[in-house]
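Descriptive analysis of the structure
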Amino acid sequence: MLHLLQKPLEAAQPSRRTFLKVSAGTIGGLVLAMNLPRSAASAAEGDFLQPFVHIRPDNTVVVLSKHLDKGQGTASGLATLVADELDAAHDQVRVEFAPSNPQLYANTLFGVQGTGGSTAMANSFMQYRQAGAAAKAMIVAAAAKDWGVPASEITVSDGVVSHGSGKSATLGDLAGLAAGEEVPAEPVLKTPDQWVYIGKSFPRLDVKNKTVGAPNTYTMDFQRDGLLVATVARAPRFGGKVKSFDASEARKVPGVVNVLELPNGVAVVAESTWPAIKGRSLLEIEWDDSGAETRSSDAMIAELKEMTAQPGVKVREDGDVDAVLEASAKVIEADYDFPFLAHGAMEPLDIAMMFDGETAELWFGSQIQTIDHNVAATVLGIPFQNVRINTLWAGGSFGRRAQADAHPVVEIAMLAKAMQADGMEPAPVKIVWTREDDMAGGYYRPMSAHRIRVGLDADNNVTAFKYNIAAKSIVKGTAFEAMLMKDGVDHNMTEGAHDTSYALGLMNMDQTFQETQVPVLWWRSVGHTHTAYVMETMIDRLAKEAGKDPVAYRLEMIRDDPRKANVLKLAADKAGWDQPPGDGRYRGVAVHKSFGSYVAEVAEISFRDDGTVKVEKVTAAVDCGTPINPDNIVAQVEGGIGYGLGAILRNQVTLVDGVVEETNFDTYEPLRMSDMPEVEVHIVASNEPPTGIGEPGTPPIGPAVANAIAAAKGDWITSLPLSKAGLV
Amino acid sequence: MSVTLKINGETRTLDADPDSPLLWALRDELKLTGTKFGCGIASCGACTVHLDGMPIRSCQTMVGDVEDAEITTIEGIDGKAAEAVQAAWQELDVPQCGYCQSGQIMAATALLSETRKPTDEDIDFAMDGNVCRCATYARIRKAIHLASDKMEG
Ligand code: FES
Ligand code: FES
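Residues numbered from 1 in each chain as written. Chains lettered and ligands numbered in written order. Predicted model: local features only at pLDDT ≥ 70, side-chain atom pairs only at ≥ 80, totals over all residues. Heavy atoms only, no water.

This part covers the overall build of chain A. When helices and strands are tallied, chain A shows 20 helices and 29 strands. Computed over its C-alpha atoms, the radius of gyration of chain A comes to 27 Å, within 12% of the 27 Å expected for a compact globule of 728 residues. With the C-alpha coordinates aligned to their principal axes, the bounding extent of chain A is approximately 80 × 75 × 50 Å. The 728 residues of chain A split such that 62% are buried. Taking the contacts inside chain A whose residues are at least 6 apart along the sequence as the reference set, 76% of them involve residues at least 24 apart. Charge-centre separation for chain A: the mean point of 65 positive side chains lies 1 Å from the mean point of 92 negative side chains. (Helix = DSSP H or I, 4+ residues; strand = E, 2+ residues; numbered from the N terminus. Rg over C-alpha atoms; globule rule 2.2 N^0.38 Å. Buried < 20%, exposed > 50% of the residue type's maximum accessible area, 1.4 Å probe, protein only. Contact = heavy atoms within 4.5 Å. Lys, Arg positive; Asp, Glu negative; His and termini not counted. Charge placed at Lys NZ, Arg CZ, Asp CG, Glu CD.)

This is how it looks when you write it as structure tokens:
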């Protein structure tokens, strides 16, 4: 296995091999420590500078977000924690992204700097509160000295530091003095009853910029003097290579500066975006598909289905499930399949870099900074400390920017080296992905097949549950394998099923890995995108077999999981489950735990005159531990429902002879305003540690809608999207 | 080739191919990057600007076709409807990633300029061309109603 930095010089020659080798790196080989030169700002007079909070003499409080904010509100969430403990006023707080520095800014649950798995609040809750509390203690200590009064008599409220004698100052006034105070090792944190923002309200800090079209927000908007813009023609089939190309027409386009071959395609470098797009369309490329995936998705699904009929890697093995099935009074059979899904973040992928031969600076929505940083250094063949990453706001990600192989970084580093090798002057360059590039570019939610066999006794009690799943593993063979696979098992694929808290008799679960060149990746809620659908529609079927109400049956089947039972009851109660829905309306329910958070959703649907489904209303109940920003929790559940709903209604990426069919929003038709149901979100009051909310709203919506359709029609859809069944 | 456009009340002369999309002239030549690139095929609305007050998709509008028109981008909108829309958006914390929101605001402003009290059906009709992958639709709908109320008051 490659340790990323072992042979940096080998990477100095761009080659296809380097591309692959970098992709096969392990977390263990990453550089995790660095000594950053103290920034010029740190010398500035009167500034208070700690890793997570800066206080400036002009009275602004800057919170440094170690996490990428791609819409989920994390940056404002972290600012909430600091502002509360520091007692800063909302309008004096700003948020900036922290530099890439794994020593200071690692995700404490990953060991590297990175955002994902809805962990931002869980791993930062204590850290950012402590940073705020330490800053406040230092401010108070400085004021005590300056005013000659005991620290215990000083109060801070809404950004104002004051003493009974009438003395008062702003945080900014005291910043310079506080900077000289010792950082308390264990600052005293507030008790929950003292919180002023946590659990209450702290409006997002990024909203103003995002409603006026502010410049320098997203990578797509990145500008620099002399900036070049590049597009890359990548192989139409995954794993294809350039055989030969003719760039003579492309070079004639005014504004096109150069055309360069890269290990993975052909780059058109231009003075601005349009010539780069137009020039690329005029390239004539012959591709070598000898090592490429050339199958159609139908054939791949058929292969997955066959795989589920065979034993696989044991994920869970309670006992001899086949014998119990054999002895059962009845066996329920169900076979599911789910398609590839594209993330379709609103901002297509993009990345900018300046490489001068010795140092490199990058600007993009970096989601796993430590991997991106190591990969840039490796490919460019320069030391880790010569690379600087500026994280920018991302126009969505849904998992897409968290790649194990950092392929956008590899590509732009290869381009920078190719530009250098071709004798071009060093210049900042931005690679823009068009929507077609982004959508046809792979890294999909894996397609999967699921084979379920459930044994029932004569009284319809569940005796055995046999679950075989087949899909391409997201982590196997990547930088995440060492961290995320144990004993050859990929638990990401089966999360939400192997760890179910339903009492399902004897449960066995096998997984089989599909091999394909199509790259796959986490997609908002990862394994739960398919397991929640399977488990929650199966439970509904079993309720029907038992002749029981779906909510009552679930409550009977849930074991030792009071928080799950609680959100289910709450959602059912708020949705008026006890009362029949109105005429022509049907309801379905689903409840699922993911990333430590519990979400139950009741979907109410109707059918249009043409027989298609309209989701009218969704009532959700959420338990994500201590709610930090309730309005953001509501927003994330609304968005998570919409994101999941669009996918199950009509989204799929299909291949014909290895070529992607859906390449833009005309064929991968996203959820739109008229599809969006009314959403009502209820948050459970809790003192448990906070858990994630970016993803957990997504898993239950699919099965809740499928169960509502079954309530109307008697059958559960087992092949997604619903459009295949003529329901959309 | 040099082209003259009227943008946000100013006359700007720029070097652009008349057959190139207005979107890229705005973003790359004039550095008005508030107007976003989302799909390039008039399917997402991220690139919405106003052409004589009407919402249009700048990715499918060629520079040479709009030389005589008044073009307004997110950087240049003002007036009662625009102010009400932006205030409502901020009050309800509508944006998540925010990338679609310039286009949403341009579309909502155009709607409210025409229809002071839009119904939910009016909103569906006017806004269905504007995709939000973060699915902030529920809040966009609320914010349009709120902006409408603000314009009354
Ligand atoms: S970019 Fe113009 S409609 Fe999508
Ligand atoms: S806010 Fe992210 S796409 Fe609309």
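Next comes the rest of the write-up.
With that out of the way, let us pick up the packing of aromatic side chains. On inspection of all chains with the given rule, the structure shows 18 aromatic pairs over all chains. On the basis of an interplanar angle of 80 degrees and a centroid distance of 5.2 Å, the ring pair of Tyr 218 of chain A and Tyr 99 of chain B is categorised as edge-to-face. Here Tyr 218 of chain A, found in the loop between α6 (207-211) and β8 (228-234), pairs with Tyr 99 of chain B, found in the loop between α2 (80-91) and α3 (101-114), and the two come from separate chains. Residue classification places Tyr 218 of chain A among the buried residues on the basis of a relative accessible area of 3%. Aromatic ring contacts, followed pair by pair, group Phe 52, Tyr 105 and Tyr 128 of chain A into a single cluster. Stacked on the ring of Trp 433 of chain A, the Lys or Arg Arg 234 of chain A has its end atom at 3.6 Å from the ring centre. Above the plane of the ring of Phe 607 of chain A lies Lys 713 of chain A, whose end atom (NZ or CZ) is 4.5 Å from the centre. (Phe/Tyr/Trp six-rings, centres within 6.5 Å; stacked < 30°, edge-to-face > 60°. Lys NZ or Arg CZ within 6 Å of the ring centre and 35° of its normal.)

Where helix α19 (residues 630-650) of chain A contacts helix α5 (residues 137-152) of chain B, the axes come no closer than 9 Å and their chain directions differ by 115 degrees. Facing Asp 631, Val 634, Ala 635 and Glu 638 of chain A of α19 of chain A, the residues of α5 of chain B in contact are Ala 138, Arg 139 and Lys 142 of chain B. Looking at the contact of α19 of chain A with α5 of chain B residue by residue, the class counts come to three nonpolar, no polar and four charged. (Axes fitted to C-alpha atoms, helices over the stretch in contact; angles between N-to-C directions. Nonpolar A, V, L, I, M, F, W, Y, C, P; charged D, E, K, R; others polar.)

All names here are of chain A. With the rule as written, the count across this model stands at 49 salt bridges over all chains. Of the charged contacts in the structure, one is a salt bridge between Asp 337 and Lys 724, with a shortest N-O distance of 3.7 Å. Residue Asp 337 is located in strand β14 (residues 330-338), and its partner Lys 724 is located in the segment after α20 (701-713); the two are separated by 387 residues in the primary sequence. Across the pair Glu 616 and Arg 585 runs a salt bridge, and its minimum N-O distance is 3.9 Å. (Salt bridge = Lys/Arg side-chain N within 4 Å of Asp/Glu carboxyl O.)

Moving on, we get to the sheet that holds strand β2 (residues 10-15) of chain B. All names here are of chain B. Taken together, five strands build an open sheet; the order of strands is β2-β1-β5-β3-β4 and the sheet is mixed. Each edge of the sheet is formed by a strand with only one pairing partner; in this case those strands are β2 and β4 (54-57). On average, each strand axis in the sheet is tilted by 45 degrees relative to the strand beside it, whichever way the strands run. Where strand β3 (residues 48-51) and strand β5 (residues 70-72) come together, two bridges link them in antiparallel fashion. In the sheet register, His 50 faces β5, and the bridge partner there is Thr 72. Each of β3, β4 and β5 touches α3; the most contacted strand, β3, lies at about 35 degrees to it. (Pairing = 2+ DSSP bridges.)

With that out of the way, let us pick up the domain arrangement of chain B. All names here are of chain B. Domain annotation for chain B reports domain 1 (2-72) and domain 2 (80-152). Computed over C-alpha atoms only, the centres of domain 1 and domain 2 are separated by 21 Å. Tallying the contact residues gives 14 residues for domain 1 and 10 residues for domain 2. Taken together, both faces of the contact between domain 1 and domain 2 bury some 940 Å²; the carbon and sulfur share is 57%. Its largest share of buried area at the contact with domain 2, domain 1 owes to Lys 36, Cys 44 and His 50, together 38% of the area lost on that side. Summed over the shared surface of domain 1 and domain 2, the number is zero salt bridges. For the pair domain 1 and domain 2, the number of links is six residue pairs in polar contact (both at pLDDT 80 or more). Of all the elements in the fold, those that place two or more residues in the side of domain 1 that touches domain 2 are β3 and β4. (Domains from an automatic or database assignment. Buried area = accessible area lost by both parts, 1.4 Å probe. Polar contact = N/O pair within 3.5 Å; in protein donor to acceptor, adjacent residues only side chain to side chain.)

What follows is about the interface of chain A and chain B. Across the boundary between the two partners, chain A contributes 55 residues, which contact 50 residues of chain B. In total, about 4300 Å² of surface goes out of reach between chain A and chain B, with carbon and sulfur atoms giving 56% of it. Linking chain A with chain B are five salt bridges, by the criterion used here. Asp 221 of chain A serves as the salt-bridge partner of Lys 36 of chain B, at 2.8 Å between the closest nitrogen and oxygen. Linking chain A with chain B are 28 residue pairs in polar contact (both at pLDDT 80 or more).

Another aspect to go through is the domain arrangement of chain A. All names here are of chain A. We note that the domain assignment places domain 1 (35-211), domain 2 (219-291 + 349-432) and domain 3 (297-341 + 443-725) within chain A. Each of domain 1 and domain 2 has a C-alpha centre, and the two are 36 Å apart. Of the residues lining the interface, 19 residues belong to domain 1; the matching set on domain 2 comes to 16 residues. Taken over both partners, the interface formed by domain 1 and domain 2 buries close to 1400 Å², and the fraction arising from carbon and sulfur atoms is 63%. Three residues stand out in domain 1 for area buried against domain 2, namely Leu 68, Lys 70 and Ser 100, and they jointly supply 38% of the buried area on that side. Remark: the boundary between domain 1 and domain 2 carries zero salt bridges.

What holds strands together in a sheet is hydrogen bonding between their backbones, with the strands either parallel or antiparallel. All names here are of chain A. Strand order across the open sheet formed by seven strands is β10-β11-β8-β18-β15-β16-β17, with mixed pairing between neighbours. Only two strands of the sheet have a single partner each, and these edge strands are β10 (256-262) and β17 (387-391). Taking the axes of each pair of neighbouring strands and ignoring which way they run, one obtains an average angle of 20 degrees across the sheet. Bridge analysis of strand β15 (residues 350-355) against strand β18 (residues 429-432) gives four bridges, and the strand direction is antiparallel. By the bridge assignment for β18, Asp 350 is matched with Val 432. Contacts between helix α8 (residues 273-281) and the sheet are confined to β8, β10, β11 (265-270) and β18, with β8 contributing the most and set at about 25 degrees to the helix. Those strands touched by helix α12 (residues 407-421) are β8, β10, β11, β15, β16 (360-364) and β18, and its axis lies near 40 degrees from that of β15.

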